[in-house]
Amino acid sequence: MKARLSFLFIFFFFLSLLHLLSSYTHNEGEEGDDDISRSMFPDDFFFGISTSAYQIEGAVHEDGRGLSNWDVFTRIRGTVTNGDNADIADDDYHRYMEDIELLEYLGVNAYRLSISWARILPKGRFGEVNLGGIRFYNKLIDNILLKGIVPFVTLDQNDIPQEIEDRYGSWLSPLIREDFALLAKTCFENFGDRVKHWITISEPNLLAEMTYLVGWYPPARCSPPFGNCSAGNSDTEPFIAAHNMLLAHATAVKLYREQFQSKQGGSIGIVVHSFWFEPYQDNEFDREAVNRALIYDTAWTLDPLMYGDYPALMRQYIGSTLPSFSPEETKLIKGSVDFIGINHYSTFYAINCFHAPCSIAANRPSRGYIDVTGFKDGIPIGERTGMPMFFVVPHGMEKILEYASGRYPNVPIFVFENGISSNSTQDHDDEHDIVQDFERIKFHKSYLAALAKAMSVAVFWGSINYNMGVPLNGLVLIVESVKSALLHWAIFCHL
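First, a word on scope: everything that follows refers to the structure included in this document. For clarity, every value in this text was computed on a predicted model and none was experimentally measured.

**Some points on unusual backbone geometry**
- Between Pro218 and the following residue, Pro219, the backbone shows a cis peptide bond with an omega angle of 10°.
- One can find Pro219 in the loop between helix 10 (204–212) and helix 11 (237–259).
- Cis geometry is adopted by the peptide bond preceding Pro225, which originates at Pro224 and carries an omega value of 5°.
- The residue Pro225 is located in the loop between helix 10 and helix 11 in this model.
- If you check the backbone angles, Ala59 has positive phi at about 50° while not being a glycine.
- Its place among the elements puts Ala59 in the loop between helix 3 (53–56) and helix 4 (69–73).

What follows is the structure, given as structure tokens:
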């Protein structure tokens, strides 16, 4: 396993990590504390920040940006908690220079950002390139580089021009491959001389399920028992959408490799959302369920990109409902990653529906006859978080990386997201607790200690979380007393 893990190149994105080092002062010597230090990680280790365009930029109607699917969706009553939207968000579009100063202040050496598709191509290939969007991202990238920070750029992070949805149903149609290729080409041409790390699509597996299985993302398509959407088929559409995402990814990779990579010298990959699973009962049946759960969750996306087809077990259960790749498509998609990205947030128990009672939604081919839960005999698998479905299980990160590096050997793996959402400001006694953020300090220390053995670590920063409104999830609270923690972190990193 040590040899396999040597291929893990981990990108450390953090959520309120500025508090982590100050925890040495506040918590040093507490029984059960996990000790971590900078020396546990290589000198060239990436410590950075992760964001997405829709969640931070705002300025949704400025400088030629078109409507995105989320702009339309958040206007529908009941789709997002409190009716929140990202019209302003963090106002990064106007305050990006302040944000870059904060990046420097924190001492990070990398920044993962995403492109607003609607800001670059407001109407997809049915309109013109928006030069205002090009200018914005040029300024953003240039100023990031001036601070000695390495940009990692995601082409699409769940927001697309509404024009594409209206014309042909976006990811449900193979037509989107042409639109995605145009987005990729436009970005490679305008930014590729400076951007050396490209991510095509963020979390296609999660996007397919949230959009077409349960209908929580636009355009909110689903069917019972998963939800009561106005249209959709939860047993078929997630696989169709994911299939088109993978082929769109592969098309962009082929374009990059043939026309840009040799002269620009960059790399290109994809990011998947990956849970870890433990057997509900310590028996062979639930251990089989764990294997199926990992295949349906992670290998569903990555197997085609590495080996040219979906996992055989999925074909066994799903049959013709799972789309097929033509010989030409197999050639296109096989080996279409220079690196793999992992986002990991929680661990669950897996239950084998062939040998135990399961929910109607779980006991079906499209779900692998697997049920998952965070509870066993009423006891949670780990400490609960502000997101009711997520739990703190540090060893899950280490195990999912071992799984990925074992299934996909000799491919660099970056961890791009992980973290904890606080319950709410009401859970804190006073401003001091909010600023010091002891809950998140404990989380980070436990995950860092558990993952140091695998040379892997990650944390997520978000602003407006899709469907969840705006929780206490910020990196920098604008409170004067936070400055000392920032300085301690910057000194500690030695970056």
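**A look at the pairing of strand 3 (residues 110–114)**
- Within strand 3, five of the five residues are buried, which leaves it mostly tucked inside the rest of the structure.
- Residues Ala110, Arg112 and Ser114 of strand 3 are buried on one face, and the alternating residues Tyr111 and Leu113, pointing to the opposite face, are buried as well.
- Relative to strand 3, strand 2 (residues 46–50) runs parallel, the two being bridged by three bridges. Residue pairing in the sheet places Ser50 in a bridge with Arg112 of strand 3.
- Inspection of the sheet shows strand 3 paired to strand 4 (residues 150–156) by five bridges, in the parallel sense. In the strand pairing of strand 4, Tyr111 is matched with Pro151.

**A few points about the packing of helix 13 (residues 284–307) against helix 16 (residues 395–407)**
- Between helix 13 and helix 16, the shortest axis-to-axis distance is 11 Å and the interhelical angle comes to 30°. Taken together, the axes of helix 13 and helix 16 lie roughly parallel to each other. Relative to helix 16, helix 13 is oriented so that their crossing is right-handed. Here Leu294, Ile295, Thr298, Ala299, Asp303 and Tyr307 of helix 13 lie close against helix 16, whose contacting residues are Ile400, Tyr403 and Arg407.

**Some points on the sheet that holds strand 9 (residues 347–352)**
- The mixed open sheet is built from three strands, whose spatial order is 7-9-10. Sheet topology places strand 7 (276–279) and strand 10 (370–373) at the edges, where each strand pairs with a single neighbour. Averaged over neighbouring strand pairs, the angle between their axes works out to 40° when direction is ignored.
- Strand direction decides the pairing type here: strand 9 and strand 10, joined by four bridges, are antiparallel. Considered in strand 10, the bridge of Ile351 is made with Asp371.
- Strand contacts of helix 13: strand 7, strand 9 and strand 10, with the helix running at about 120° to strand 9, the strand carrying the most contacts.
- Contacts between helix 16 and the sheet are confined to strand 7 and strand 9, with strand 7 contributing the most and set at about 100° to the helix.

**Considering the state of the cysteines**
- Taken as a whole, this structure holds two disulfides when the rule is applied.
- Disulfide pairing is shown between Cys222 and Cys229; the S-S distance is 1.9 Å. Its torsion about the S-S bond being 100°, the disulfide of Cys222 and Cys229 is classed as right-handed.
- By relative accessible area, which is 23% here, Cys229 ends up partly exposed.
- The disulfide that involves Cys353 links it to Cys358, with 2.2 Å between the sulfurs. Looking along the S-S bond of the Cys353-Cys358 disulfide, the torsion reads about -100°, which is the left-handed sense.
- Overall, Cys353 belongs to the buried group, its relative accessible area being 8%.
- Cysteines bonded in the protein chain are numbered consecutively along the chain; their disulfide partners then correspond to 1-2, 3-4.

The rules behind each value
- Residues numbered from 1 in each chain as written.
- Predicted model: local features only at pLDDT ≥ 70, side-chain atom pairs only at ≥ 80, totals over all residues.
- Heavy atoms only, no water.
- Helix = DSSP H or I, 4+ residues; strand = E, 2+ residues; numbered from the N terminus.
- Buried < 20%, exposed > 50% of the residue type's maximum accessible area, 1.4 Å probe, protein only.
- Pairing = 2+ DSSP bridges.
- Axes fitted to C-alpha atoms, helices over the stretch in contact; angles between N-to-C directions.
- Parallel < 35°, antiparallel > 145°, perpendicular 65-115°, else oblique.
- Left-handed = near helix turned anticlockwise from the far one by under 90°.
- Contact = heavy atoms within 4.5 Å.
- Disulfide = S-S within 2.5 Å.

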